[in-house]
Amino acid sequence: MPRLPQIDNLNQLHREIDRVFEDAFRGFGLLGRSRSELLNPFSSDDFFPAFRASVNIASDDRQYTITLEAPGLAQEDLSIELKDRVLVIKGTKHEEQEEKDKHFYRKERRYGAFERVLAIPDDADADGIHAGMDKGLLKIAIPRQEVDKSNVKKITIKNG
């Protein structure tokens, strides 16, 4: 079935908006994923994106707090990993619905996955990270610690 020009234009607009936001947030320690990477790998149609989890990041003098919205997911559907000061949050949702009537039978399957990748700051205490889940909200607390300034080297600027 041929694609409509309006659909292609809309998809191009979505890709361009995603690119602009990824470029803007890359400087804030958010390692972005393009929308195309989040699409369901089993679908060739751009109308069926995988599950997308919204992330809020806040901080105070004591800790960073990451809140991830994951409605319908349980703790066992999520994983959090830290490697080389990069925090990777993954989630997978598998849902099946079956409806039977004497005149019809319908079975739907939905699969979705997301991955959020965040660079943690230098003053984050990687050993003190802890997470909790309540009513579809995953909260990750990252304690802050004093940064060792002894390894900072001052560079002299010379003329010419």
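Just so it is clear, the structure is predicted and the values come from calculations on it, not from any experiment. (Residues numbered from 1 in each chain as written. Predicted model: local features only at pLDDT ≥ 70, side-chain atom pairs only at ≥ 80, totals over all residues. Heavy atoms only, no water.)

*Asks:* Quick question: what am I supposed to make of the overall build of the chain here?
*Replies:* Scanning the chain from terminus to terminus reveals 2 helices and 8 strands. The N-to-C order of helical and strand elements in the chain reads α-β-α-β-β-β-β-β-β-β. A burial count over the chain gives 22% of its 160 residues as buried. A fraction of 49% describes how many contacts in the chain between residues 6 or more apart in sequence connect residues 24 or more apart. (Helix = DSSP H or I, 4+ residues; strand = E, 2+ residues; numbered from the N terminus. Buried < 20%, exposed > 50% of the residue type's maximum accessible area, 1.4 Å probe, protein only. Contact = heavy atoms within 4.5 Å.)

*Asks:* I would appreciate a short explanation of the pattern of salt bridges in the present structure.
*Replies:* Close approach of charged atoms lets side chains of opposite charge pair. The final tally for this structure, using the stated rule, is 3 salt bridges. In this structure, R62 engages D60 in a salt bridge whose closest nitrogen and oxygen atoms are separated by 4.0 Å. Looking at D60, the relative accessible area reads 34%, which means it is partly exposed. Taking the shortest distance from any N to any O, the salt bridge between K90 and E115 comes out at 3.9 Å. (Salt bridge = Lys/Arg side-chain N within 4 Å of Asp/Glu carboxyl O.)

*Asks:* Honestly, the nonpolar core in this entry has me stumped. Any pointers?
*Replies:* The tendency in soluble globular proteins is for nonpolar side chains to be buried side by side. Counting residues in each nonpolar core, the largest one holds 16 residues, and the members touching the most others are I66, L68, L87, I89, F114, I140 and I142. Setting aside residues up to four positions removed in sequence, L87 forms contacts with I66, I80, E81, L82, R116, V117, L118, I120, I140 and I142. (Core = buried A, V, L, I, M, F, W, Y, C linked by side-chain atoms within 4.5 Å.)

*Asks:* Any chance you could explain the confidence of the model for the chain here in plain terms?
*Replies:* In regions of low pLDDT, the predicted coordinates are not meant to be interpreted in detail. Taken as a whole, the chain shows an average pLDDT of 77; of its residues, 73% reach a score of 70 or greater. Under a pLDDT of 50 for its full length, residues 27–50 has, in the predicted model, 38 contacts with residues more than four places off or in other chains. (pLDDT = per-residue confidence, 0-100.)

*Asks:* Where do I start with a nonpolar patch on the surface in this structure?
*Replies:* On the surface, L10, L13 and I17 cluster together into a nonpolar patch covering about 260 Å² of accessible area. Within the secondary structure layout, L13 lies in helix α1 (residues 5–26). On the accessibility criterion, L13 (47% relative accessible area) is partly exposed. (Patch = residues over 30% accessible without salt bridge, like charges linked within 9 Å, V, L, I, M, F, W, Y side chains within 5 Å. Areas by Shrake-Rupley, 256 points an atom, 1.4 Å probe, with all protein chains shown as cover.)

*Asks:* I would appreciate a short explanation of the environment of E99 in the present structure.
*Replies:* Within the element layout of this structure, E99 appears in strand β5 (residues 86–100). Residues in contact with E99, not counting those within four places in the same chain, are F104, Y105 and R106.

*Asks:* Help me out: how do you make sense of unusual backbone geometry in this one?
*Replies:* What you tend to see is this: most non-glycine residues have negative phi, and most peptide bonds are trans. The backbone phi angle of D84 is positive, close to 50 degrees, even though this residue is not glycine. Looking at D84, the relative accessible area reads 67%, which means it is exposed. The backbone phi angle of K135 is positive, close to 50 degrees, even though this residue is not glycine. Look at K135 and you get exposed, because its relative accessible area is 79%.

*Asks:* Even after reading the chapter, I still don't get the side chain of T67, so can you show me in this structure?
*Replies:* Structurally, the position occupied by T67 is in strand β3 (residues 63–69). Not counting chain neighbours up to four residues away, the residues in contact with T67 comprise S54, V55, N56, L137, L138 and K139.

*Asks:* What is the right way to read the pairing of strand β4 (residues 78–83) from this model?
*Replies:* If a strand is regular, its side chains alternate between the two faces of the sheet. In this sheet, β5 lies alongside β4 in antiparallel orientation, the contact comprising 6 bridges. Across the sheet, L82 pairs through a bridge with L87, a residue of β5. A loop of 2 residues connects β4 with β5, the two strands running antiparallel in sequence, and D84 in this loop sits at a positive phi of about 50 degrees. (Pairing = 2+ DSSP bridges.)

*Asks:* I tried to follow the sheet that holds strand β2 (residues 55–59) on my own but got confused; where do I start?
*Replies:* Judged by pairing direction, the sheet is antiparallel, and its 4 strands sit side by side in the order β2-β3-β8-β7 without closing on themselves. Strands with a single pairing partner mark the edges of an open sheet, and in this sheet they are β2 and β7 (130–134). Strand-to-strand twist in this sheet, taken as the mean axis angle between neighbours without regard to direction, amounts to 15 degrees. Pairing of β7 with strand β8 (residues 137–143) involves 5 bridges; the strand directions are antiparallel. Directly across from D134, in β8, lies its bridge partner L137. (Axes fitted to C-alpha atoms, helices over the stretch in contact; angles between N-to-C directions.)

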